[in-house]
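Observations on the model geometry
The chain contents come next:
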Amino acid sequence: MPVPIIIDCDPGHDDALAIMLAAADPAVDLLAITTVAGNQTLAKTTLNARRVCTVAGITGVPIAPGCDRPLLQPLVVADDVHGESGMDGPRFPEPTVDAVPEHAVDLIHRILTTHPEPVTLVPTAPLTNIALLLTRHPDVVPYIREIVLMGGSTERGNRTPAAEFNIQTDPEAADIVFRSGVPITMCGLNATHQALATPEVVARFEGLGTDLGRVCAELMTFFASTYRRLWGFASPPLHDPVAVARVIDPAIVRCVPAGVVVELRGQYTRGATVVDLHRSLDLPVNAQVAVAVDAGLFWDRMIAAVAALGSRTA
Ligand code: RIB
Ligand code: CA
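**Some words on the site of ligand 1**
In the neighbourhood of ligand 1, 14 residues make up the surrounding shell, with Asp14, Asp15, Asn158, Glu164 and Asp240 lying closest. At 2.6 Å from an oxygen atom of ligand 1 is found a side-chain nitrogen or oxygen belonging to Glu164. Interatomic distance of 3.0 Å between a side-chain N/O atom of Asn166 and an oxygen atom of ligand 1. For ligand 1, whose free accessible area comes to 270 Å², the fraction covered by protein is 97%. Secondary-structure elements contributing two or more residues to the shell around ligand 1 are α1 (13-24), α6 (165-169) and α11 (239-248). The residue makeup of the shell around ligand 1, split by class, is three nonpolar, six polar and five charged.

**Observations concerning the coordination of the calcium ion (ligand 2)**
Metal coordination angles have textbook ideals: 109.5 degrees for a tetrahedral set of four donors and 90 or 180 degrees for an octahedral set of six. Every protein donor of the calcium ion (ligand 2) is listed here as Asp10 (OD), Asp15 (OD), Asp15 (OD), Thr124 (O) and Asp240 (OD), and their distances to the metal cover 2.2 to 2.6 Å. Between consecutive donor residues of the calcium ion (ligand 2), the sequence gaps follow D-x4-D-x108-T-x115-D. Residue Asp15 is found in helix α1, and its partner Asp240 is found in helix α11; the two are separated by 225 residues along the sequence. In this structure Asp15 comes out as buried when scored by relative accessible area, which is 0%.

**What about the environment of Asp240?**
By relative accessible area, Asp240 is classed as buried at 2%. Through-space distance from the C-alpha of Asp240 to that of Ile147 is 14 Å; in sequence the pair is 93 residues apart. Excluding anything up to four places from it in sequence, Asp240 contacts Asp14, Asp15, Ala18, Thr124, Met150 and Asn166. One polar contact links the side chain of Asp240 to the main-chain amide nitrogen of Asp15, over a distance of 3.1 Å.

Conventions used here
Residues numbered from 1 in each chain as written. Chains lettered and ligands numbered in written order. Predicted model: local features only at pLDDT ≥ 70, side-chain atom pairs only at ≥ 80, totals over all residues. Heavy atoms only, no water. Near = heavy atom within 4 Å. Polar contact = N/O pair within 3.5 Å; in protein donor to acceptor, adjacent residues only side chain to side chain. Areas by Shrake-Rupley, 256 points an atom, 1.4 Å probe, with all protein chains shown as cover. Helix = DSSP H or I, 4+ residues; strand = E, 2+ residues; numbered from the N terminus. Nonpolar A, V, L, I, M, F, W, Y, C, P; charged D, E, K, R; others polar. Donors = N, O, S within 2.8 Å, 3.2 Å for Na, K, Ca; no water. Buried < 20%, exposed > 50% of the residue type's maximum accessible area, 1.4 Å probe, protein only. Contact = heavy atoms within 4.5 Å.

This is how it looks when you write it as C-alpha cells:
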C-alpha cells in the first residue's frame, strides 16, 4: 500500500524534483503540496510549485501556500543559490495549475484529521508551516505517522559553518518540531551530499528524450553552476528528494537513532542541529538520523519518476 504523504516545500531546484518523485513513485501517495518562504519569497515558491506541477502534468494534488516569513527572525532568501525566480535555468510556460484558497496549515490539518490512516509529512524547507501546525493544533499529533525532513546536518552547515539553510532560516520552528514528540527522520547535509547530480546523472535526464527530462537537466545545470561558484562542488547535491526516497524505500537512506537539538543561542552556531550520535550528551533519542544514501538506488528511482511523468506529458 502506498504511504500517504504531504510535501511542504520551497521550490527550489531540488524541491522541484522532490515533488516529481513524490508524485510519480508508486510507493507513496502525494495528498498535497504546501509551500513556505525559504529559498525565495512565498509568492515565488508557490508560483514555482505551480510551474512544476504544470510541466510535470501533476494534477489533482492541491497546492496551498503557508507562512511568508519565519516565526521570529526576518526572512533571508537563497537567491544566491536558486536565482531570482527561485528556480532559475529553464523557461517555464504560464502555469495551468492553480493554488487553492486555503492556508497550508489549515489544509494539512484538514487532511490529517480526515484521512483514513496517519499521514507522513515530508518538509523540504524551513519548518515554519509545520511548527505552526503543531502549535495551533496540538491535537493533530496522533494523525501524523512521522515527519521525514530534509534539514540539518551531523557535520558542517551550508548557510553558516554550523547551520544548514532549512534549520537556520527558522531555528525556532525547527526547535518546536524536534521537541514535538512526533517521530522524526532527519535527512541532513551529511547524507544528501551523497546524492550528487553528476554529469552522468544529467545525461540520464537528457537521455529520456522528453521535455520534462530536459527541464530537469536544465535545473541541475543551473544548480551545478551555483554549487560550483559558492562551494566548489564539482556536482550539486540533490537534497530534498532524499527525504522522499527515505519514505519510498528505507533501504535507500540508512539511518541511526540519535538525540537532536537545535542551537538557538550560539553567537556563531544559531540554527545548528546538535546530533548526539554517540550519546555523549545523553539527550533523549528523538530522531532517526540519515547517515548513508545508496546513490545508485536513489538515482534509479528519481530517473524512473521523471520518465513516468514525462511519458504522460510527451
Ligand atoms: O540546505 C539545503 C536545503 O535548503 C534544501 O531544501 C534546499 O532546497 C534549500 O531549501
Ligand atoms: Ca528546499
